[in-house]
Amino acid sequence: MKKSMTILLCTISVLVSLVFGMTAKYNDYLKIDNIGKTEFNFDFYINESTISAASLLNEFSEISKQYDASIIRTDIIDENNKSVTYKSGVFTDTYFEKNNFNLQSGRTPKKKNEFISTFKTNDSNQVGIIKDIFDDDPLIICSLESYFNKYTENVTGSYFVCCNEKDKESILQNLSVFLGISQTDLLKSNFTKTYSQGPVEILIIACFILLMIYTLMCLFYPTSQTKIIGIYKLVGYKLRDIWGCLNNSILVVDVIFIFASLIIQKILIPSLDFAYLTKLLGIQFIMLLINIILSWTMMLIIKKYTLSSILKGFFHVRLPLLLSYLLKVVTFVAIVLILSPLSDVLQTTMLTYAAASAYEKESKYMTISQYDYIDDEFQQTINGNSTLKVKVYNMFKELEKTSDAEYIKSYYFDNEYLNSFAKNIPLKREIKSNEEYFLLGTNLNGMKRYKGLFNDSVNKYFEGDDLTVLAPKKYKNNTDFKYVCDILQWLYKDINVKLNVQFYNNNDRYIFTQNVQMIGANHAFVKNPIYVCLHDQYLEHESYSFLDSAISNPIRVENTKANRQNIRRAIVNNKLEYNKVKFGSINVDYKGYMKTTIMGTFILVMGLTLIVIVDILASYYIILIVLVSRKKQIFVKKMLGFSVLDRYKNEIFYFITFYIFGFVQLLLIKPNKYSALIYMILVGIDIFISYAMIKCKERKQLNGMLKGEE
């Protein structure tokens, strides 16, 4: 047990380091992301403007002087294969003095051509280095004039203003008049930013469970060492001396492990500073102190073990028994909480495997599997003015002619989705039908795959300017389908679309959707979808999807030698060679997606397995404590022919209560046949292992007692 307690403390130290590291990294990212913002600031966005960079600089300078305000622009630029955040602005004279930029070395800028950053740039104009604990957030703070001179004079972008709160409305009014943009549009963002702290909550829960197990071990440890405690007491050892003899080696190993882990972290991440390591060391010693306090619970047990009680075979087990039951309750709650997401992930994994053979048949097609942003293209994409999207669209148009490139994108409208459009499209009534409408948007080349399903030549559906929608005849008199058409018209409202709805005969052919979201919703194959025939103007509207990840990208080009040459030529013709655009097999990308899905399933299964192990450990201690404390009573009942149910009726009652409580909790959270099935299997495993442990321990005790052991 001493080895187990040592390993447990070392594991807790590792988890504490991970939690501290993830939290510090998250806080460091937030600090870098919000650096330069004062007590009051507000964001505004220029999405479209014909104003020149020089005029904008003059206007910002006037506003800065009039309101003592600093106006800063944020951009993300690709430099030397890494994304660098630029914060360039028109600053007040006191801006850098009033704000803390947490400089590691150097000073703040005093001239327009000077700048500071989180890394060394080898530029003579760099005057300071901002502290970045993990050296992973490249940032440059410079003047807006320097940024315009170096990169672009395009004024569209994201800005924030540092000023007095009372001046906000006046500044917005000035900007609105100058830019010719309403205040509402100035404050409207084209993107949202999210931050991920990592699985910190899961690690904290794991620490809590391990601390409970450690406390349980501390309470039971003296019970397993009663003979040694008796000897120590017999030779005159004091209470704390006995505690020291039982725990010294455990705590010493943990202290050595803590210092060794700090050294290893410093070697792996050289940028970690003294302050970070000192804080981590302090937290580790606080955790060590908590573990020492928990281990002092042994004193409660050791104190009760007098020589007479040890000789009489009397055991003090009430506290460890209560804690064992509490641990079992906690683990059952944790099992139920993890079962719902696990059942969903398992179902998705099974559906993913089912669609693998269909993707295998698609292996002869390629799609965009990789590309990089260059210069300020990423920032332009965020701003809604993506030059990369335009270049990729033009490349696709070239490949349509030279390589019969296809565009195939499937999606579906369900009841929830249809009703969500009620805010945008006036509804005469709520859609109550549960029918799902499967749509497949395709260009002319893609439509040729399905030409046998229609009476007319597919070319006919792409003539004229109307958006042709081919629906199965089953929707001809369907009132909800008319609403689907309204949604399509709304989606293309910028083009003033006119729908041309035609109907084709229903058939039994299954169409592969090639959409991982639909596969996850058990819609890998559908019958009689609604075909949306997209020619040039509508494809251009959909061109944002050309930048989707490989597994979701709608572009399809057959993998032939001629087409590969055409792709290389199209990349050069559309100036995409520096974007490192690559085409790859759709099947390879799907296999990568499958691996990711399986990994997610594996992580949840491992989490569940660890919780089940803890639950089994709690059962083990309950059985062990009961056998130790009621050894003679159980022995006598067994000899008299009492069944297991009679010998352990209290424990069985408690266990059944836990099982029922867990099942009710499962039904309340999210009723699911898969999670219920997994739960019943786990309950069966718990019962089987508990019964096996009882039989094994009873047999050993019975053999010992028959030999005259106490």
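No experiment lies behind these values; they were computed from the predicted model shown. (Residues numbered from 1 in each chain as written. Predicted model: local features only at pLDDT ≥ 70, side-chain atom pairs only at ≥ 80, totals over all residues. Heavy atoms only, no water.)

Draft legend 1. A look at the packing of helix α16 (residues 387-403) against helix α22 (residues 561-573). Across the interface, α16 lies against α22 with an axial gap of 10 Å and an inter-helix angle of 150 degrees. When the interaxial angle is binned, α16 and α22 end up roughly antiparallel. The two elements α16 and α22 meet at a crossing, and its hand is right-handed. In this structure, α16 contributes M395, E398, L399, T402 and S403 to the contact, and α22 contributes N563, N566, I567, R569, A570, I571 and N573. Within the contact of α16 with α22, the residues separate by chemical class into five nonpolar, five polar and two charged. (Axes fitted to C-alpha atoms, helices over the stretch in contact; angles between N-to-C directions. Helix = DSSP H or I, 4+ residues; strand = E, 2+ residues; numbered from the N terminus. Parallel < 35°, antiparallel > 145°, perpendicular 65-115°, else oblique. Left-handed = near helix turned anticlockwise from the far one by under 90°. Contact = heavy atoms within 4.5 Å. Nonpolar A, V, L, I, M, F, W, Y, C, P; charged D, E, K, R; others polar.)

Draft legend 2. Local environment of the pairing of strand β2 (residues 70-79). Counting buried positions along β2 yields eight of ten residues, so the element is predominantly enclosed. Across five bridges, the pairing between β2 and strand β8 (residues 157-162) is antiparallel. From the neighbouring strand, T74 faces β8, where its bridge partner is S158. Across nine bridges, β2 lies against strand β3 (residues 82-90) in antiparallel orientation. When the sheet's bridge partners are listed, I72 is paired in β3 with G89. Hairpin geometry of β2 and β3 is characterised by an intervening segment of two residues between the two adjacent antiparallel strands and by a positive phi of about 50 degrees at N80. (Buried < 20%, exposed > 50% of the residue type's maximum accessible area, 1.4 Å probe, protein only. Pairing = 2+ DSSP bridges.)

Draft legend 3. View of the pattern of salt bridges. Evaluation of the coordinates by the stated rule reveals 18 salt bridges. When the shortest N-O distance is used, the salt bridge between K188 and D185 registers 3.5 Å. A relative accessible area of 34% places D185 in the partly exposed class. Connected via shared salt-bridge partners are K328, D615 and D686. (Salt bridge = Lys/Arg side-chain N within 4 Å of Asp/Glu carboxyl O.)

Draft legend 4. Quick look at unusual backbone geometry. Even without glycine at this site, N102 takes up a positive phi of about 50 degrees. Note on placement: N102 falls in the loop between α3 (95-98) and β4 (103-106). One non-glycine residue with positive phi stands out, namely Q514, at about 55 degrees. Looking at the element boundaries, Q514 is found in the loop between β14 (510-512) and α20 (516-520).

Draft legend 5. Just the sheet that holds strand β7 (residues 139-143), in detail. Taken in spatial order, the eight strands of this open sheet run β1-β8-β2-β3-β7-β5-β6-β4, and their pairing is mixed. Each of the sheet's edge strands pairs with one partner strand only, and the pair in question is β1 (41-46) and β4. Across the sheet, the mean angle separating the axes of adjacent strands is 25 degrees when strand polarity is ignored. Its contacts with the sheet place helix α5 (residues 168-179) against β1 and β8, and it is angled at close to 10 degrees to β1.

Draft legend 6. Representation of a positive patch on the surface in the model. A cluster of basic residues, K561, R564, R568 and R569, forms a positive patch on the protein surface. With respect to the helices, strands and loops of the structure, R564 is situated in helix α22. Overall, R564 belongs to the partly exposed group, its relative accessible area being 35%. (Patch = residues over 30% accessible without salt bridge, like charges linked within 9 Å, V, L, I, M, F, W, Y side chains within 5 Å. Areas by Shrake-Rupley, 256 points an atom, 1.4 Å probe, with all protein chains shown as cover. Lys, Arg positive; Asp, Glu negative; His and termini not counted. Charge placed at Lys NZ, Arg CZ, Asp CG, Glu CD.)

Draft legend 7. Seen up close, the nonpolar core. With 42 residues, the main nonpolar core has M395, Y437, I530 and F583 as its most contacted residues. Residue contacts for Y437: discarding those within four places in its chain leaves Y411, Y412, F413, L418, Y475, N478, D480, F481, V484 and I530. (Core = buried A, V, L, I, M, F, W, Y, C linked by side-chain atoms within 4.5 Å.)

Draft legend 8. How the structure looks around the state of the cysteines. In this structure the tally under the stated criterion is zero disulfides. With no disulfide of its own, C207 lies closest to C10 among cysteine sulfurs, the gap being 13 Å. (Disulfide = S-S within 2.5 Å.)

Draft legend 9. Examining helix α10 (residues 274-295) more closely. The end-to-end C-alpha distance of α10 is 31 Å, a good match for the 32 Å that 22 residues give at a rise of 1.5 Å each. For α10, every residue scored as buried is listed here: Y276, L277, L280, Q284, M287, L288, N291, L294 and S295. For α10, the angular spread of buried residues about the axis comes to 110 degrees, placing them on one side. Residues of α10 that are exposed and point more than 90 degrees away from the buried face comprise F274, K279, I286 and I293. (Expected span 1.5 Å × (residues − 1). Arc of directions from axis to C-beta.)

Draft legend 10. Structural detail: the packing of helix α2 (residues 53-67) against α5. With their axes 11 Å apart at the nearest point, α2 and α5 run at an angle of 160 degrees to one another. The angle between α2 and α5 falls in the class roughly antiparallel. Seen along the crossing, α2 lies across α5 with a hand that is right-handed. Every residue of α5 that contacts α2 at S55, L56, E59, F60, I63, Q66 and Y67 is listed here: S170, I171, N174, L175, F178 and L179. In terms of residue class, the contact of α2 with α5 is built from eight nonpolar, four polar and one charged.

Draft legend 11. Seen up close, a nonpolar patch on the surface. A contiguous nonpolar patch, built from I231, L234, V235 and Y237 and spanning about 430 Å² of accessible area, is present on the exposed surface. Mapped onto the fold, L234 is located in helix α8 (residues 226-234). Judged by its relative accessible area of 65%, L234 falls in the exposed class.

Draft legend 12. Looking closely at α2. The terminal C-alpha atoms of α2 lie 21 Å apart, and with 15 residues this matches the ideal 21 Å at 1.5 Å per residue to within 8%. Buried within α2 we find A53, L56, L57, E59, F60, I63, S64 and Y67. Along α2, the residues classed as buried sweep out an arc of 165 degrees about the axis, all on the same side. Every exposed residue of α2 that faces more than 90 degrees away from the buried side is listed here: N58, K65 and Q66. Two residues or fewer past α2, D68 is found with a positive phi of approximately 50 degrees.

Draft legend 13. Spotlight on the packing of aromatic side chains. Scanning the model with the defined rule gives 39 aromatic pairs in all. Both rings, one in F655 and one in Y659, keep their centres 6.4 Å apart while their planes meet at 80 degrees; by these two values the pair is edge-to-face. Of this pair, F655 and Y659 both sit in helix α26 (residues 649-669), four residues apart, which is roughly one turn of the helix. In this pair, the class of F655 matches that of Y659, namely buried. Between the aromatic rings of F663 and Y679, the centroid separation amounts to 6.1 Å while the plane-to-plane angle is 40 degrees, which identifies the pairing as tilted. Remark: Y679 occurs in helix α27 (residues 673-706) and F663 occurs in helix α26; sequence separation between them is 16 residues. Its relative accessible area of 2% is what places Y679 among the buried residues. Taken together, Y325, F332, F653, Y654, F655, F658, Y659, F663 and Y679 form an aromatic cluster joined through their ring pairs. Directly above the ring of F160 sits K37, whose terminal nitrogen or CZ lies 5.2 Å from the centroid. Taking the ring centre of F655 as reference, the NZ or CZ of K328 above it sits at 4.7 Å. (Phe/Tyr/Trp six-rings, centres within 6.5 Å; stacked < 30°, edge-to-face > 60°. Lys NZ or Arg CZ within 6 Å of the ring centre and 35° of its normal.)

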